[in-house]
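# A closer look at the structure
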Amino acid sequence: MSEVQVLVPRDVPLGGLRAMNVRRTLPSRERTLIGAWCFADHYGPDAVEESGGMVVTPHPHTGLATVSWLFTGEIEHRDSIGTVAMVRPGEVNLMTAGRGISHSEISTAGTTVLHGVQLWLALPDASRNMAPRFENHAPVPVTGEGWTASVFLGDLLGCSSPVAFPVPVLGAELRIEAGTTLSIPVRPEFEHGLLVDHGTVTFSGHELKPAEVGYVAPGAATLEVTAHEDSLLVLLGGPPFGEQLVMWWNFVGRDHDEIVGFREEWQAQITRNGAVLSDGQDVADGRFGIVEGDHTPPIPAPALPNLRLKPRV
Ligand code: MN
């Protein structure tokens, strides 16, 4: 049995009028990365009537790919490369920011319950200045006795995702029925994190509760998961990333000055005569482009902290 490091989530308000709360396990004090996965937000099930839903108006990204995976609800995604796409349960939306993109994410009017994960993958140095791109994929679930897996990135349990990423990566939804033990063959060079949405599971001999992530270091050829209740899980993995990152706000870079530059470029695009624009269509073109058809106000970057941002491993 492998040692399991438990990452306990912290509640973070996502923004928007009534500030929907998310449970964040990456980055955490204990861990910055699981493979290339550098950010893990888990939310809901939330009644949109109470939470206000997801209202994230145009904002920029660099050096990462966002991975949206929903269990319930629907979100409209718009970005500066002209994409207008829905995020729906069972479909992965992967938006690669590369050198720069901006996008908005707003839950649709028909969404009453919102429930899912929002994940980021760090781009390796050799690819992080690539042109931005967007991909959607609906994996065909694979099933066995007492379990179902939907593999949205990488290979697992005989299922392979066609969505490409510059470094090996794994992302899969697992549904395991109460009383079932699933032995999952994995690549020994990968490290893994198992996020529990609901249910209680024993993962490599360690009990995990809802919203926790159990991390297992490289070396295991099989991961064993026993569900004590019907459980919904997300398994993430990849070989250790091996590069130091500076993560601040919506940017992934390599040093403080680069982040300062990204921030300045975004602020220059969204301000006129010192005032933040109120209409996303008035944003100036630049590194992050303009989110086509989105008239909501762009989100200004917060102030930088009064110290130099330090790389994290
Ligand atoms: Mn975003």
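These remarks concern the structure in this document. These numbers come from a predicted model, not from an experiment. Position labels on residues start from 1 in each chain and follow its written sequence. Whole-chain, interface and lining totals are the exception, using all residues; otherwise, since this is a predicted model, local features are given only for residues with pLDDT of at least 70 and side-chain atom pairs are given and counted only at 80 or more. Excluded from the side-chain calculations are hydrogens and water; all other atoms, namely the structure's heavy atoms, are used.

Right, let's talk about the overall build of the protein for a bit. Only runs of H or I of at least four residues qualify as helices and only runs of E of at least two qualify as strands under DSSP, and these elements are numbered from the N terminus. A tally of regular secondary structure across the protein gives 2 helices and 28 strands. What the globule rule says is 2.2 Å times the number of residues to the power 0.38, and the radius of gyration is computed from C-alpha atoms. What you see for the protein is a C-alpha radius of gyration of 19 Å, in line with the 20 Å of a compact globule of 313 residues. Throughout, a contact is declared for two residues whenever any of their heavy atoms are within 4.5 Å. Restricting to contacts in the protein with at least 6 residues of sequence separation, those with at least 24 account for 69%. In the structure as shown, the protein presents an accessible area of about 12,900 Å², 50% of it carried by carbon and sulfur atoms. In this tally Asp and Glu are treated as negative and Lys and Arg as positive; neither His nor the chain ends contributes. Charge placement uses NZ in Lys and CZ in Arg. For Asp and Glu, CG and CD serve respectively. In the protein, 21 side chains carry a positive charge and 37 a negative one; their mean positions are 8 Å apart. In these tables, accessible area is a Shrake-Rupley quantity obtained with a 1.4 Å probe, and a residue counts as shielded only by the protein chains included in the view.

With that settled, consider the packing of aromatic side chains. Stacked, tilted and edge-to-face pairs are distinguished by plane angle, under 30 degrees for stacked and over 60 for edge-to-face with tilted covering the rest, among Phe, Tyr and Trp rings (Trp via its six-membered ring) whose centres lie within 6.5 Å. Scanning the model with the defined rule gives 8 aromatic pairs in all. Seen in terms of ring centroids, Phe-39 and Trp-120 are 4.0 Å apart; in terms of plane orientation they differ by 15°. Their pairing is stacked. Here Phe-39 is found in strand β4 (residues 37-47), whereas its partner Trp-120 is found in strand β11 (residues 113-122), with 81 residues between them in sequence. Summary of the burial criterion: residues with accessible area below 20% of their type's maximum are buried, those above 50% are exposed, and those between are partly exposed, where the area comes from a 1.4 Å probe applied to protein chains only. The exposure class of Phe-39 is buried, given its relative accessible area of 9%. With 5.8 Å between their ring centres and 85° between their planes, Trp-266 and Phe-288 make a pair best called edge-to-face. One end of the pair, Trp-266, is in helix α2 (residues 256-270); the other, Phe-288, is in the segment after β28 (275-276), and 22 residues separate them in sequence. With a relative accessible area of 0%, Phe-288 lands in the buried category. Clustering of aromatic rings is evident, with ring pairs tying together Trp-248, Trp-249, Phe-251, Phe-262, Trp-266 and Phe-288. Geometry around Tyr-215 places Arg-31 over its ring, the cationic atom sitting 3.5 Å from the centre. Here, over-ring charges are defined by two tests on the NZ atom of lysine or the CZ atom of arginine: distance to the ring centre within 6 Å, and angle to the ring normal within 35 degrees.

Moving on, we come to the sheet that holds β11. Paired strands, as defined in this entry, are two strands with at least two bridges between them according to DSSP. Sheet architecture is open: 7 strands sit in the order β2-β3-β4-β11-β6-β9-β12, paired in antiparallel fashion. What marks the edges here is a single partner per strand, and that holds for β2 (10-13) and β12 (133-137). Looking at each pair of strands side by side, their axes are set apart by 20° on average, direction ignored. Across 4 bridges, the pairing between strand β6 (residues 64-72) and strand β9 (residues 92-96) is antiparallel. Considered in β9, the bridge of Ala-65 is made with Thr-96. Only the contacting stretch of a helix is used when fitting its axis, a line to C-alpha atoms as for every element, and angles between N-to-C directions run 0 to 180 degrees.

The strand order β1-β22-β19-β24-β17-β14-β13 describes an open sheet built from 7 strands, whose pairing is antiparallel. The open sheet has two edge strands, β1 (5-7) and β13 (142-144), and neither has a second partner. The average undirected angle you get between the axes of adjacent strands in this sheet is 20°.

On to the nonpolar core, then. For our purposes a nonpolar core is just a set of buried Ala, Val, Leu, Ile, Met, Phe, Trp, Tyr and Cys residues, chained together by side-chain atoms within 4.5 Å. Ranked by internal contacts, the top residues of the largest apolar core, which has 37 residues, are Trp-37, Cys-38, Val-67, Leu-121, Phe-152 and Leu-153. Of all the secondary structure elements, the ones that give two or more residues to this core are β4, β6, β9, β11, β14 (147-153), β22 (213-216) and β24 (231-238). Judged by nonpolar contacts, the second largest core, of 27 residues, contains Leu-170, Leu-182, Leu-194 and Val-225.

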